[in-house]
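Chain residues, written in single-letter form:
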Amino acid sequence: MKKEDTVKLISAEGFEFVIDKKAAMVSQTIRNMLTSPGSFAESEHGEVTFPEISTTILEKICQYFYWSLQYASGKETEFHIEPELTLELIMAANYLDT
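What counts, and where the lines are drawn
- Residues numbered from 1 in each chain as written.
- Predicted model: local features only at pLDDT ≥ 70, side-chain atom pairs only at ≥ 80, totals over all residues.
- Heavy atoms only, no water.
- UniProt positions renumbered as here; feature names shortened; annotations may be inferred.
- Buried < 20%, exposed > 50% of the residue type's maximum accessible area, 1.4 Å probe, protein only.
- Helix = DSSP H or I, 4+ residues; strand = E, 2+ residues; numbered from the N terminus.
- Arc of directions from axis to C-beta.
- Contact = heavy atoms within 4.5 Å.
- Salt bridge = Lys/Arg side-chain N within 4 Å of Asp/Glu carboxyl O.
- Core = buried A, V, L, I, M, F, W, Y, C linked by side-chain atoms within 4.5 Å.
- Pairing = 2+ DSSP bridges.

- Going by an unreviewed UniProt entry, the chain carries the name Elongin-C and comes from Rehmannia glutinosa.
- As recorded by UniProt, the Sequence similarities (unreviewed entry) comment attached to the chain reads in full: "Belongs to the SKP1 family."
- What UniProt states about the chain under its Pathway (unreviewed entry) heading is, verbatim, "Protein modification; protein ubiquitination."

What follows is the structure, encoded as structure tokens:
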């Protein structure tokens, strides 16, 4: 996979998740960061840092992005969310516009 086909998402703790750009574009916020006109660091480097989103939550969000792509293509499966993550996931999903 080419570097321009991927996006690096960085959690508050500094963990890096390299995912398909198509998956990351599920989030309207990330889409805007990567495609906005101008010389924004996110669009130039293909990296987005989330200082408010923990590693555990960002990992679950990445899983959701891939699940969402599968669901949109007709593959209906369950997306399991642990109850203890629900509140943080709701807040992150609101910010990421997913």
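## Re helix α2 (residues 28-35)
Step number 1: Looking at α2, one finds that the buried residues are Thr29, Ile30, Met33 and Leu34. Along α2, the residues classed as buried sweep out an arc of 125° about the axis, all on the same side.
Step number 2: At its buried positions, α2 is contacted by β1 (6-10), α1 (21-24), α3 (41-45), β3 (47-49), α4 (55-72) and α5 (86-96).

## Quick notes on the pattern of salt bridges
Step number 1: The tally for this structure, following the rule as stated, stands at three salt bridges.
Step number 2: Residue Lys8 is joined to Glu16 by a salt bridge in which the shortest nitrogen-to-oxygen separation is 3.4 Å.
Step number 3: Glu16 gets classed as partly exposed once you look at its relative accessible area, which sits at 48%.
Step number 4: Under the relative-accessibility criterion, Lys8 is labelled partly exposed at 22%.

## A short note on the side chain of Thr55
Step number 1: Assignment of secondary structure puts Thr55 in helix α4.
Step number 2: For Thr55, the residues in contact, after removing those within four places along its chain, are Ser11, Glu13, Phe15 and Phe17.

## Considering the nonpolar core
Step number 1: Of all hydrophobic cores here, the largest spans 22 residues; its most connected members are Leu9, Ile30, Phe50, Ile53, Ile61 and Phe65.
Step number 2: Counting only elements with at least two residues in this core, the list comes to β1, β2 (16-20), α1, α2, α4 and α5.
Step number 3: When near neighbours in sequence (up to four residues on either side) are disregarded, Ile53 contacts Ser11, Ala12, Glu13, Leu58, Ile61, Ala92, Tyr95 and Leu96.

## Digging into the pairing of β2
Step number 1: As paired strands, β1 and β2 are joined by five bridges and run antiparallel to one another. By the bridge assignment, Lys8 is partnered in β2 with Val18.
Step number 2: Hairpin connection between β1 and β2: a loop of five residues separates the two successive antiparallel strands, and Gly14 in this loop has a positive phi of roughly 95°.

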